[in-house]
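Take a look at the letters that make up each chain.
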Amino acid sequence: MAENIVIVESPAKAKTISKFLGKDFEVKSCMGHVRDLAKNEFSIDVKNNFQPHYVVLDEKKKLINELKKEVKKYNKIWLASDEDREGEAIAWHLKEVLNLPDEKTHRIVFHEITKDAILEAIKNPRNINLNLVNAQQARRILDRIVGYEVSPILWKKVKPALSAGRVQSVAVRLIVEREREINNFKESAYFKIIGYFKVIDKNGKEFELKAILDKKIETEEEVKAFLEKCKNAEYIVSDINVKPYKKSPPPPFITSTLQQEASRKFGFPVAFTMKIAQDLYESGKITYMRTDSVNLSQLALNTSKKLIEKEFGSNYVHIRNYKSKVKGAQEAHEAIRPTYIDNKTITGSDAEQKLYELIWKRTVASQMSDAEIEKTTVTISISTGDEKFIATGEVIKFDGFLKLYIESTDDDNTDEHSSDILPPIEKNQRLNFIKIEAIERFTNHPPRYNEAMLVRKLEELGIGRPSTYAPIISTIQQRGYVVKKDIPPKERIISLYTLENNIIKKSNKKEFYGGEKGKLIPDNIGLIVNDFLIQHFSEIMDYNFTANIEKEFDEIAAGNLDWIEMIKRFYEKFHPKVESTLKNASFATGERILGDDPETGKPVIVKYGKFGPVVQIGDSNDIKKPRYTALPKNKNIETLTLEEALDLFKLPKKIGIYNDKDIIVGTGKFGPYIKYGDKYYSLSKNDDPLTIDENRAIEIINEKNKIEANKIIKEFSENKNLKILNGPWGAYIKYGKKNYKIPKDKKPELLTFEECLEIIKTQKSK
DNA sequence: CAGTGAGCGAGCTTCCGCTTGACTT
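Here is a short report on the structure shown in this document. (Residues numbered from 1 in each chain as written. Chains lettered and ligands numbered in written order. Predicted model: local features only at pLDDT ≥ 70, side-chain atom pairs only at ≥ 80, totals over all residues. Heavy atoms only, no water.)

Focus on the overall build of chain A
Then, in step 1: A count of helical and extended segments in chain A gives 20 helices and 30 strands.
Then, in step 2: In terms of its C-alpha atoms, chain A occupies a principal-axis envelope of roughly 95 × 85 × 65 Å.
Then, in step 3: Split into buried and exposed, the 766 residues of chain A put 47% on the buried side.
Then, in step 4: For chain A, restricting intrachain contacts to residue pairs at least 6 apart in sequence, the fraction spanning at least 24 positions comes to 68%.
Then, in step 5: Taking the average place of the 127 positive charges on the side chains of chain A and the average place of its 115 negative ones, the gap between the two points comes to 4 Å. (Helix = DSSP H or I, 4+ residues; strand = E, 2+ residues; numbered from the N terminus. Buried < 20%, exposed > 50% of the residue type's maximum accessible area, 1.4 Å probe, protein only. Contact = heavy atoms within 4.5 Å. Lys, Arg positive; Asp, Glu negative; His and termini not counted. Charge placed at Lys NZ, Arg CZ, Asp CG, Glu CD.)

Encoded structure:
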């Protein structure tokens, strides 16, 4: 019988470690936390020093029973969960649940999975650090208090099944505030002035030099005056400034930066990146994917060095130790890197190959030399004025890491400065004038967040952890607080002035602008909940709340602060607000008065009502009942105008005639619809009931009729209540009012009456 | 849920952080 059993968190890790430790060590995994506060109750005894009530997680019950039997067989139990607050707590919970005696229990940690590191860890066991465990308990209990005391307030004051929490509510706040910033943004126009010059080198070869005026001009009058002044001017190179600079590679990937680069380079959503990374990890191709450490193991550094020397030469090697910039980083793992850096590529799905290659390049590049770049700035003076044209160019003198990897940015404004190679020019050289263009430009509103940008912002604020970034994004969408959307580009006409051959010409140009893909946008309920929480729980909603309490958790971990003391102090301030909000706060409806109805003079109001967003004409206290209509899905309480609101009351309205029957558009309980004859047809998400035209309506009617016509696959003379029908997800059996699935191996059109009855019988028994 | 145009009300909803399966649509 083996002497030792090691328990780690992940099965993939267990497999690797098992190889290093050999026969004397059995290695098992516990799959993360095994015990937690009970889900269906508050589970904190406030009156009894906040004692938590822990239960074994349902999905871990089987595992724990197995482990209980298993550990009895061994003399030494090594708890090797991660070396951070959560990992320490996992070790402690395991010890408690498995009833491990002190003398048999050894706590070990390692943050790289190499034979040396693990053997070293086995030589240096310690006891469980209870201070660290208490810091985790404080974190856990605080999160439970906030989540389970505030959420029920929302159920009463806004709508059932909503939620609030230390992390998710702040994430929503970021998105709400960005959207309001955008709504309030006033764009301003200016002109970007570009000069084009001809340069001829010694051999008579011609080059075009493009330079940008050093100031923006705001009005068309000023543009005209400037161009007028430039007529017959001379253009002289008044200064050439050459400045070398160095560019260093970005650090190896951590969870958040991997999510960002996969989003920027491939357009992967955060959850997709994590799923692919998980697959790569489980098949042993990369190291652990949920990490906030930029550290690479010595082994990885050595392999990288050899590889770079071989592939690029020794002048490309620059081994570096990166320091984490992440607030509250726990650094229990390595950075995300290929397990075997010698493997440049792997086999696998397209996405797996792409992501792997990205990780490989980033890892290797992080150990390569700085790029050496020379930036040249040419100043061109105008003989008839003080303004200057500036041309810039960059020459890469030594590419270094750029040979392998270039980090992308979130900036979609690529049109600003192009850094081309400049033609050969000298100081005091007179340039041949080609033309000047003045293009109308507009200031841009700040960009909306996409998933990866939100993760980056949260990380910057120290909110959330690598394992929770993807789930947070999913939660705030599930609650209906935010939606992921594409913003279609808009069209505008811009002015363009050209000075060429001493003539100033004006023309207009059509351009598309402001298109955004996969952006997070607050929905009505997100705005209302956000404002409600800021009004009543400003401390929790503060962007620095997490960072502040993290300092206290650190104090607990260092043994300088008692966790019960800390929680008590928090609760004494927090709980009265819960009580008073429950008692005093009125329904949060986001109500806005848009103005008066010109027909009746009554107020037009938009609000979030009992059944969703609604517009009403007339006061609810009026003797005459107000008129109501639901707000269409694509409209927002916060930005709805009086005109749009009044338009909604024009529904239902007739929009055309088809085959002698009226087509009527309206909105009802199930959203916008078309009524044609006696039948109803739902509008798709992209159809606006106010602007939909006859042609589109006919299209919808025909489409639906076609589906209807194909709906019945088979009917039975034996029983008219039994039918085989075509639904959105394939064929199914309808019997009375209930539906039944058809087994995959059966062909729906060949089913007999008896076979159908058999299917119904077996599915009913389930 | 497999298609429509109200209004009963019991019992339920919910947090953040660790980890992987076992499951559909």
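From this point, things continue past the structure.
Points about helix 9 (residues 270–282)
One full turn of an α-helix is made of 3.6 residues, so residues set three or four places apart face in the same direction.
Then, in step 1: Helix length check: helix 9 (13 residues) gives 18 Å between terminal C-alpha atoms against 18 Å at 1.5 Å per residue, within 8%.
Then, in step 2: Looking only at helix 9, the buried set comprises Val 270, Thr 273, Met 274, Ile 276, Ala 277, Leu 280 and Tyr 281. For helix 9, the arc enclosing every buried residue in end-on projection is 165°, short of the 170-degree limit, so these residues lie on one face.
Then, in step 3: Of the surrounding secondary structure, the elements contacted by the buried residues of helix 9 are helix 1 (11–21), helix 8 (255–266), helix 11 (350–365), helix 12 (451–460) and helix 13 (469–478).
Then, in step 4: Immediately beyond the C-terminal end of helix 9, within one or two residues, lies Gly 284, with a positive phi of roughly 75°. (Expected span 1.5 Å × (residues − 1). Arc of directions from axis to C-beta.)

Topic: the packing of helix 16 (residues 545–557) against helix 17 (residues 563–584)
Then, in step 1: For the pair helix 16 and helix 17, interaxial distance at closest approach is 9 Å and the crossing angle is 155°. With respect to helix 17, the element helix 16 is oriented roughly antiparallel. Taking contact as the criterion, the partners of Phe 545, Ile 549, Glu 552, Phe 553 and Ile 556 in helix 16 are, on helix 17, Trp 563, Met 566, Arg 569 and Phe 570.
Then, in step 2: By residue class, the composition of the contact of helix 16 with helix 17 is seven nonpolar, no polar and two charged. (Axes fitted to C-alpha atoms, helices over the stretch in contact; angles between N-to-C directions. Parallel < 35°, antiparallel > 145°, perpendicular 65-115°, else oblique. Nonpolar A, V, L, I, M, F, W, Y, C, P; charged D, E, K, R; others polar.)

Considering the packing of aromatic side chains
Then, in step 1: Summed over all chains, the structure comprises 20 aromatic pairs.
Then, in step 2: Here Tyr 658 and Tyr 676 contribute two aromatic rings whose centre-to-centre distance is 5.7 Å and whose plane-to-plane angle is 35°, an arrangement assigned as tilted. With Tyr 658 in strand 23 (residues 653–658) and Tyr 676 in strand 25 (residues 671–676), this residue pair connects regions lying 18 residues apart in the sequence. One exposure class covers both Tyr 658 and Tyr 676, and it is buried.
Then, in step 3: A centroid spacing of 5.3 Å and a plane angle of 65° characterise the contact between Tyr 673 and Tyr 680, whose relative ring orientation is edge-to-face.
Then, in step 4: Residue class for Tyr 673 comes out buried when judged on its relative accessible area of 19%.
Then, in step 5: One aromatic cluster in this structure is built from Phe 197, Tyr 235, Phe 389 and Phe 433.
Then, in step 6: For the cation-ring pair, Arg 173 lies above Tyr 543, with the distance from its terminal atom to the ring centre recorded as 4.7 Å.
Then, in step 7: The side chain of Arg 178 reaches across the aromatic face of Tyr 449, ending 4.7 Å from its centre. (Phe/Tyr/Trp six-rings, centres within 6.5 Å; stacked < 30°, edge-to-face > 60°. Lys NZ or Arg CZ within 6 Å of the ring centre and 35° of its normal.)

A look at the environment of Val 237
Then, in step 1: Mapped onto the elements, Val 237 comes out in strand 11 (residues 235–247).
Then, in step 2: Under the relative-accessibility criterion, Val 237 is labelled buried at 0%.
Then, in step 3: Taking C-alpha positions, Val 237 is 71 Å from Pro 576, a pair spaced 339 residues apart along the chain.
Then, in step 4: Each residue touching Val 237, except ones within four places of it in the same chain, is listed here: Val 378, Thr 379, Glu 426, Lys 427, Asn 428, Gln 429 and Leu 431.

Concerning the packing of helix 6 (residues 168–184) against helix 14 (residues 524–536)
Then, in step 1: Two elements in contact, helix 6 and helix 14, have axes whose closest approach is 10 Å; the angle formed by their N-to-C orientations is 110°. Comparing their axes, helix 14 and helix 6 come out roughly perpendicular. Seen from above, helix 6 lies across helix 14 with left-handed handedness. Between helix 6 and helix 14, the residues in contact are Ser 169, Val 172, Arg 173, Val 176, Glu 177 and Arg 180 and Gly 526, Leu 527, Asn 530, Asp 531, Leu 533 and Ile 534, respectively.
Then, in step 2: Across the contact of helix 6 with helix 14, the residue classes break down as five nonpolar, three polar and four charged. (Left-handed = near helix turned anticlockwise from the far one by under 90°.)

Concerning the sheet that holds strand 21 (residues 612–617)
Then, in step 1: Strand order in the open sheet made by the four strands is 19-20-21-22, with antiparallel pairing throughout. The sheet is open, and its two edges are formed by strand 19 (592–596) and strand 22 (627–630), each paired on a single side. Strand-to-strand, the axes of this sheet are offset by a mean angle of 25°, without reference to chain direction.
Then, in step 2: Where strand 19 lies against strand 20 (residues 603–609), four bridges are found, and the strand directions are antiparallel. Its bridge partner lying in strand 20, Asp 596 is registered against Pro 603. (Pairing = 2+ DSSP bridges.)

Quick look at unusual backbone geometry
Trans is the common state for peptide bonds, and a negative phi is the common state for residues other than glycine.
Then, in step 1: We note that Asn 659 has phi near 50°; this positive angle belongs to a residue other than glycine.
Then, in step 2: Here Asn 659 shows up in the loop between strand 23 and strand 24 (661–668).
Then, in step 3: Assessed through its relative accessible area of 58%, Asn 659 is described here as exposed.
Then, in step 4: Residues other than glycine seldom take positive phi values, yet Asp 660 does so here, at roughly 70°.
Then, in step 5: In this fold, Asp 660 is placed in the loop between strand 23 and strand 24.

Observations regarding the pattern of salt bridges
Then, in step 1: Applying the stated criterion to the full structure yields 51 salt bridges.
Then, in step 2: Of the charged contacts, one joins Arg 362 and Glu 407 as a salt bridge, the two residues approaching to 3.3 Å between their closest N and O atoms. Here the residue Arg 362 occupies a position in helix 11, and Glu 407 occupies one in the loop between strand 13 (388–398) and strand 14 (430–442), the gap between them amounting to 45 residues.
Then, in step 3: Measuring nitrogen to oxygen at the nearest pair gives 3.5 Å for the salt bridge that ties Asp 399 to Lys 403.
Then, in step 4: Since its relative accessible area comes to 46%, Lys 403 is described here as partly exposed.
Then, in step 5: Through salt bridges with shared partners, a single ionic network connects Glu 86, Arg 139, Asp 143 and Arg 166. (Salt bridge = Lys/Arg side-chain N within 4 Å of Asp/Glu carboxyl O.)

Observations regarding the nonpolar core
Then, in step 1: The biggest cluster of nonpolar side chains holds 154 residues, and the ones touching the most others in it are Leu 94, Leu 355, Leu 454 and Ile 674.
Then, in step 2: At 10 residues, helix 5 (residues 130–157) tops the list of elements feeding residues into this core.
Then, in step 3: Those residues in contact with Leu 454 that lie beyond four places of it in its chain are Ala 171, Leu 174, Ile 175, Tyr 449, Ile 473, Ile 476 and Leu 520.
Then, in step 4: Within the second largest apolar cluster, 26 residues are counted, among which are Ile 193, Val 223, Ala 233 and Ala 391. (Core = buried A, V, L, I, M, F, W, Y, C linked by side-chain atoms within 4.5 Å.)

Observations concerning the pairing of strand 14
Then, in step 1: Here 10 bridges tie strand 9 (residues 189–200) to strand 14, and the two strands are oriented antiparallel to one another. Bridge pairing in strand 14 links Ile 193 to Ala 438.
Then, in step 2: Pairing geometry for strand 11 and strand 14, over two bridges, is antiparallel. Bridging across to strand 14, Ile 236 finds its partner in Arg 430.

Digging into the sheet that holds strand 2 (residues 25–29)
Then, in step 1: If you walk across this open sheet you meet the four strands as 2-1-7-8, and the pairing is parallel. The outermost strands of the open sheet, each flanked by one partner alone, are strand 2 and strand 8 (105–107). Geometrically, the sheet is characterised by an average inter-axis angle of 25° between neighbouring strands, direction not taken into account.
Then, in step 2: Pairing analysis gives five bridges linking strand 1 (residues 4–8) to strand 2, with the strands arranged parallel. Each bridged residue has a counterpart across the sheet, and for Ile 7 the counterpart in strand 2 is Lys 28.

Thoughts on helix 16
Then, in step 1: Relative to the 18 Å expected for 13 residues at 1.5 Å per residue, helix 16 spans 18 Å between its end C-alpha atoms, a close match to the ideal helical length.
Then, in step 2: Buried within helix 16 we find Phe 545, Thr 546, Ala 547, Ile 549, Glu 550, Phe 553 and Ile 556.
Then, in step 3: Packing partners of the buried residues in helix 16 comprise helix 3 (85–97), helix 5, helix 15 (538–541) and helix 17.
Then, in step 4: Immediately beyond the C-terminal end of helix 16, within one or two residues, lies Gly 559, with a positive phi of roughly 85°.

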